[in-house]
Amino acid sequence: MELSPYLDLVQPASILIAALLVVRPLKSIANLLEKSRAPDPIAEFREEMQKLIEQERNGAFPGMTLREVTNSPGVDVTRLFNLAEESHRSAVHEAWAEVEKIAREAIEKIPPSQEPVAAAGPVRLGDTLFLANILDSTLFQLFNQLRRLRNLVLDARELEAATPEVMDYIRLSAGLTSRIARYQPSRQPTGNFTRNEGG
C-alpha cells in the first residue's frame, strides 16, 4: 500500500489545522484588546460628575445644596436617593425624567406671543428653555450635561451601590428641576396694544 498520496493530503491539512488553532486565540485576544480600549461609561460618568461638582464648588450652580433641593416643592429627592440604593440606573433615569416633565410643563406656560422657534422634542427641550429665557447659559449647559450623563448611565452596567456621583447627579437634577419649576411667564402685553373704550 502506497502512502505518498495520503501524505500529500496530510501536510496541507496539518497546516490548516495549525492555522485555525493559532487564528482563533488571536481573534479572542484582539476582541479583548478592543473592548479594553472602549471607554467605560461608568468611569466616564464619574469623571464628568466630578467636573460638574468642581464647577459647582466654583459657584457655577448656586442654590443647589442638599438642604435647598430637599426643601423644594415637587422634588422627592429622598425617594430618588432610596431608589439609587437599589439601582443607580433607575435613579438617574427617574431624576432626569423629572427634569423633562417639569421642562415640558414650563414650556406649556410660555405665552403664544413669546414662543421660541425651537421644537420641544426631547433633544430640543434645553434649547427651548434657553430661548424662552427659562434657563440662563450656565443652567442650559448643566441641562445638556445631565442629559448626556443620563444617556451614559443607561448604557452602562449596574453599579453595586449608589456612588457619591450618582447622589450628586440626583441632587443637581433636582436643583435644575426646582429652577425650571419656578418659571412664571411675564404678564406684560407684547406689541402695540390699544383698548376700545365705548366706541
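Residues numbered from 1 in each chain as written. Predicted model: local features only at pLDDT ≥ 70, side-chain atom pairs only at ≥ 80, totals over all residues. Heavy atoms only, no water.

Draft legend 1. Here's a closer look at the side chain of R150. When you line up the elements, R150 lands in helix α7 (residues 137-154). The side chain of R150 sits in the buried core without any salt bridge; E100 is the nearest counter-charge, 4.7 Å away. (Helix = DSSP H or I, 4+ residues; strand = E, 2+ residues; numbered from the N terminus. Buried < 20%, exposed > 50% of the residue type's maximum accessible area, 1.4 Å probe, protein only. Lys, Arg positive; Asp, Glu negative; His and termini not counted. Salt bridge = Lys/Arg side-chain N within 4 Å of Asp/Glu carboxyl O.)

Draft legend 2. Examining the pattern of salt bridges more closely. For the structure shown, the criterion picks out ten salt bridges. The salt bridge partner of E47 is K51, with a shortest N-O separation of 3.8 Å. In this pair, E47 and K51 are both assigned in helix α2 (residues 41-57), four residues apart and thus about one turn of the helix distant. For E47, a relative accessible area of 45% puts it in the partly exposed group.

Draft legend 3. Fine view of unusual backbone geometry. Even without being a glycine, N133 presents a positive backbone phi close to 60°. Take N133: it is sitting in the loop between α6 (125-131) and α7.

Draft legend 4. Layout of the packing of aromatic side chains. Tallied over the entire structure, the rule returns three aromatic pairs. Seen in terms of ring centroids, F45 and Y169 are 6.0 Å apart; in terms of plane orientation they differ by 45°. Their pairing is tilted. Here F45 is found in helix α2, whereas its partner Y169 is found in helix α8 (residues 164-181), with 124 residues between them in sequence. In this structure Y169 comes out as buried when scored by relative accessible area, which is 0%. (Phe/Tyr/Trp six-rings, centres within 6.5 Å; stacked < 30°, edge-to-face > 60°.)

These figures capture arrangement, not role.
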